[in-house]
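Here is what each chain is made of, one letter per residue.
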Amino acid sequence: MSTRPYAVITGASSGIGLEYAKIFARLGYNLCLIARREDRLRELADKMEGYYGIDCKVISADLSTSKGVEEVCKKVRHLKVEFFLNNAGFGDCGAFSETSNSKEQSMINTNVKAVQALMKFMIKYYKHHKIDGYILNTASSAGLLAAGPYMATYYATKAYVTSLTVAVAEELRQEGSGIYVGCLCPGPVNTEFNDVANVEFALKGISARDCARAAVRGMFLRKTIIVPEKYLRFVLAGAKVLPRTFASRLTAHQQKKKLGK
């Protein structure tokens, strides 16, 4: 293992993942960048190595497949990892009866199965090497709401990630473990997510840079749930006291704006 620890980042080729790479490179960590688009990863790796004099490894993998997840685990286990940013994911927008089932199955594989498998792998890795490491899962404010009509599968995947994170964090706390597990739950973020999801958010999004900075601050403060936007914290607090069906109707109204309805 290298003497300088690594920050491992999935979904590192753009958006929040790209900003994570910049942050941890500036902090002096080696990087392991994971995404499907190898050309983008190579370009980013060359820049980070040139600017900061760090080692930057690249893993081109499709995390919607079990083969891609296994490839990541196989290569990461040989590194000295301190931070694991479980960031890869995507969404889709539209009526459930009309959206693509194949795209949604891929979404479930990436947003749920890969996140779960990689988190479990890293917890076992940290315990085996006796490292009080960090795992930060990227969910969404969607995961804190009752449901998301017109983005039904996406909201459901993020609810899974949020629930899983909170449960595992509590298990580790009761064990007296120093391993950190947390969950980033932002509102709209100005990234390529919008294009992939075929959506234009009705609410103004924050920049990926601001989101990543807030996430890292929250992680160092060991917050289990990190919501970067102050206004959204009040909205989410209010949503908790509403009946589930009524909250879903409000969400549906907001989601229709994304579809131009």
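For the structure itself, look to the data block above.
About the thresholds
- Residue indices follow the written sequence of each chain, beginning from 1 at its first position.
- A pLDDT threshold of at least 70 governs which residues receive local features in this predicted model, and a stricter bar of 80 or more applies before side-chain atom pairs are shown or counted, although totals over entire chains, interfaces and linings include all residues.
- To get the side-chain values, take all heavy atoms of the structure and skip hydrogens and water.
- Whether a residue is buried, partly exposed or exposed follows from its accessible area with a 1.4 Å probe, protein chains only, as a fraction of its type maximum: under 20%, in between, or over 50%, in that order.
- Here a strand is any run of E in DSSP of at least two residues, a helix any run of H or I of at least four, and the numbering for each starts at the N terminus.
- Strands are labelled as partners when DSSP assigns at least two bridges between them.
- Contacts were defined at the residue level, with two residues in contact if any of their heavy atoms lie within 4.5 Å.
- Only the stretch in contact is used when a helix axis is fitted, and all axes are lines through C-alpha atoms; the angle between N-to-C directions ranges over 0 to 180 degrees.
- Put simply, angles under 35 degrees are roughly parallel, angles over 145 are roughly antiparallel, angles from 65 to 115 are roughly perpendicular, and the rest are oblique.
- By convention the crossing between two helices is left-handed if the near helix lies anticlockwise of the far one by an angle smaller than a right angle, and right-handed if it lies clockwise.
- The residue classification treats Ala, Val, Leu, Ile, Met, Phe, Trp, Tyr, Cys and Pro as nonpolar and Asp, Glu, Lys and Arg as charged. All others, Gly included, are polar.
- Computed over the protein atoms alone on a 1 Å grid, cavities are sets of points where a 1.4 Å probe fits but cannot get out and pockets are open sets with protein on both sides within 12 Å along at least five of seven lines; a residue lines them when it has an atom within 4 Å of a point.
- Grid points are joined across faces, edges and corners, and a volume is the space filled by probe spheres set on the points.
- Here a Phe, Tyr or Trp ring, Trp counted by its six-membered ring, pairs with any other such ring whose centre lies within 6.5 Å, and the pair is stacked when the planes are under 30 degrees apart, edge-to-face when over 60, and tilted otherwise.

Caption draft 1: Local environment of the pairing of strand β6 (residues 180-184). With respect to burial, β6 is a largely interior element, five of its five residues being buried. Here β6 shows a buried face lined by Y180, G182 and L184 and a second buried face lined by V181 and C183. Taken together, the five bridges between strand β5 (residues 134-138) and β6 define a ladder with parallel strand orientation. Residue pairing in the sheet places L136 in a bridge with G182 of β6.

Caption draft 2: The environment of V161, seen in detail. Inspection of the secondary structure assignment puts V161 in helix α5 (residues 152-175). You can call V161 buried: its relative accessible area is 0%. C-alpha separation for the pair V161 and K113, spaced 48 residues apart in sequence, amounts to 9.6 Å. Discounting residues that sit within four places of it in the chain, V161 has contacts with N111, V115, N137, T138, A139 and C183.

Caption draft 3: The arrangement of the packing of helix α1 (residues 15-26) against helix α7 (residues 208-220) in detail. Contact geometry of α1 with α7 gives a least axis separation of 8 Å together with a crossing angle of 55°. Comparing the axis directions of α1 and α7 gives the class oblique. Considering how the two elements wind past one another, α1 and α7 form a crossing that is right-handed. Between α1 and α7, the residues in contact are G15, I16, E19, Y20, I23, F24 and R26 and A208, R209, C211, A212, R213, A215, V216 and M219, respectively. Residues of the contact of α1 with α7, tallied by class, amount to ten nonpolar, one polar and four charged.

Caption draft 4: Spatial organisation of empty space enclosed by the protein. One pass over the full model with this rule turns up one cavity of 30 Å³ or more. As a volume, the largest cavity reaches approximately 30 Å³. Per element, the largest residue contribution to the lining of the largest cavity is three residues, and it comes from α5. Across the lining of the largest cavity, the residue classes tally to five nonpolar, three polar and two charged.

Caption draft 5: Spatial organisation of the packing of aromatic side chains. Considering all chains together, one arrives at ten aromatic pairs under this definition. Ring geometry for F83 against Y134: centres 4.7 Å apart, planes inclined by 20°, an arrangement best described as stacked. Here Y134 lies in strand β5 and F83 lies in strand β4 (residues 81-86), a separation of 51 residues in the sequence. We note that F83, like Y134, is buried. By way of ring pairs, the aromatic residues F24, Y29, F83, Y134, Y180 and F220 are connected into one cluster.

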